[in-house]
Structure formats: structure tokens, C-alpha cells
Amino acid sequence: MTSKNILTLGQKFSVLIVDDDKIIRRIHKVLLNKFGFESHTVENGKEAVDLYLSGKHFDLILMDMEMPVMDGPKATRELRAMGVNNMIVGVTSRGLDSEKQAFTEAGLDYCVEKPLTSETITSLLQELAKK
């Protein structure tokens, strides 16, 4: 199934991009919008948690690992403890398997390296379409 097939299913997915790097947030937002996502961005994990506490909801959360205020693993643990069961994907520039494993154990569905690629987004779309 290609991204075009997935998009013709009539479903528009919402995504929350959580990253302290303004350039990465912009790159990911533009790329995700090309795939038909409705995207929202925040700068740290606390802002992501606060959005959910205010009643917001997203189909997909792209969570950076290292951020000021509240990092990705802590934010992921808090979101899961709040009952958030949407797909949370860790996005990191770290290549060490041990660091990715620790991040994944915080409650991620997947962990990918940044920046996102079209192939990664297509794969995530396929997973979202299954839910």
C-alpha cells in the first residue's frame, strides 16, 4: 500500500511534533503536511503533556528524545500514565542502540532517526491505517 492509497481512505491523521529544534520542527511539519497530516508543533515534552491535559488529541506523536524542560522519555512516560494510547514515535539523532532502547522502554511504539524520510512516513501511515 502506497501513501497515496492510504490517503484515499478518506482519513486525515493529526500529528503532534515535539522537538526543541525549530528547523527540525519545520522540516517535519512540511513533509508531514505533504502526506496529508494535520500537524501541530511544540518545543518540549511539558508542552505536549499540557496539550493533552487541556483535552487535545492527536493520532500520532513524534517525540524528540533530548529537549529542555521535559525530555522525550519523561514526557512519554507521563502521557502513557495519563492513559494516552495513541502511537508515540521517538525521533532521535542518537544512534546508540542502548539510548534508543531506554527511550523505547519509556512507552514508545517505535523509535526512528531524524530527520524523517518519505519512507518512514509511509510506514507510519500504514501502521496508523491499521488502527
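Residues numbered from 1 in each chain as written. Predicted model: local features only at pLDDT ≥ 70, side-chain atom pairs only at ≥ 80, totals over all residues. Heavy atoms only, no water.

- For the chain, the name recorded in an unreviewed UniProt entry is Response regulator 24, with Abeliophyllum distichum as its organism.

**Side note on the environment of threonine 122**
Next up, step 1: Here threonine 122 shows up in helix α6 (residues 118-130).
Next up, step 2: Since its relative accessible area comes to 19%, threonine 122 is described here as buried. (Helix = DSSP H or I, 4+ residues; strand = E, 2+ residues; numbered from the N terminus. Buried < 20%, exposed > 50% of the residue type's maximum accessible area, 1.4 Å probe, protein only.)

**Brief notes about the sheet that holds strand β3 (residues 60-64)**
Next up, step 1: With parallel pairing, 5 strands are arranged side by side in an open sheet as β2-β1-β3-β4-β5. In this open sheet, the two strands that pair with only one neighbour each are β2 (38-42) and β5 (110-113). Direction aside, the axes of adjacent strands within the sheet are offset by 20 degrees on average.
Next up, step 2: By the bridge criterion, 5 bridges tie β3 to strand β4 (residues 87-92) in an arrangement that is parallel. If you follow leucine 60 over to β4, its bridge partner there is methionine 87.
Next up, step 3: This element, helix α3 (residues 45-53), spans β1 (14-18), β2 and β3 of the sheet and lies at about 145 degrees to β1. (Pairing = 2+ DSSP bridges. Axes fitted to C-alpha atoms, helices over the stretch in contact; angles between N-to-C directions. Contact = heavy atoms within 4.5 Å.)

**Focus: the nonpolar core**
Next up, step 1: Formed by 19 residues in total, the largest nonpolar core has its most connected members in Leu16, Val18, Tyr52, Ile61, Met63 and Leu79.
Next up, step 2: When contributions to this core are tallied by element, the ones reaching two or more residues are β1, α3, β3 and α4 (72-81).
Next up, step 3: When residues in this core are grouped by element, the largest group, 4 residues, is from α3.
Next up, step 4: Those residues within four positions of methionine 63 in sequence are excluded, and the remaining contacts are Val18, Gly72, Ala75, Thr76, Leu79, Ile88, Val89, Gly90, Val91 and Phe103.
Next up, step 5: Listed in part, the 18 residues of the second largest apolar core include Ile17, Leu32, Leu62 and Val89. (Core = buried A, V, L, I, M, F, W, Y, C linked by side-chain atoms within 4.5 Å.)

**Side note on α3**
Next up, step 1: Residues of α3 that are buried include every one of Gly45, Ala48, Val49, Leu51 and Tyr52, and no others. Along the axis of α3, the buried positions cluster into a sector of 155 degrees, meaning they face one direction only.
Next up, step 2: Here the buried face of α3 lies against β1, β2, β3 and α4.
Next up, step 3: The distance from a side-chain oxygen at the start of α3 to the backbone nitrogen of lysine 46 is 3.0 Å, and the residue carrying that oxygen is asparagine 44.
Next up, step 4: Trailing α3 by a residue or two, glycine 55 shows a phi angle of about 105 degrees, which is positive. (Arc of directions from axis to C-beta. Polar contact = N/O pair within 3.5 Å; in protein donor to acceptor, adjacent residues only side chain to side chain.)

**Considerations on the UniProt feature "modified residue: 4-aspartylphosphate" (unreviewed entry) in the chain**
Next up, step 1: With numbering matched to this structure, UniProt assigns "modified residue: 4-aspartylphosphate" (unreviewed entry) to Asp64.
Next up, step 2: A relative accessible area of 4% means that aspartate 64 is categorised as buried.
Next up, step 3: Ignoring anything within four residues of it in the chain, the contact list for aspartate 64 reads Val18, Asp19, Asp20, Gly72, Val91, Phe103 and Lys114. (UniProt positions renumbered as here; feature names shortened; annotations may be inferred.)

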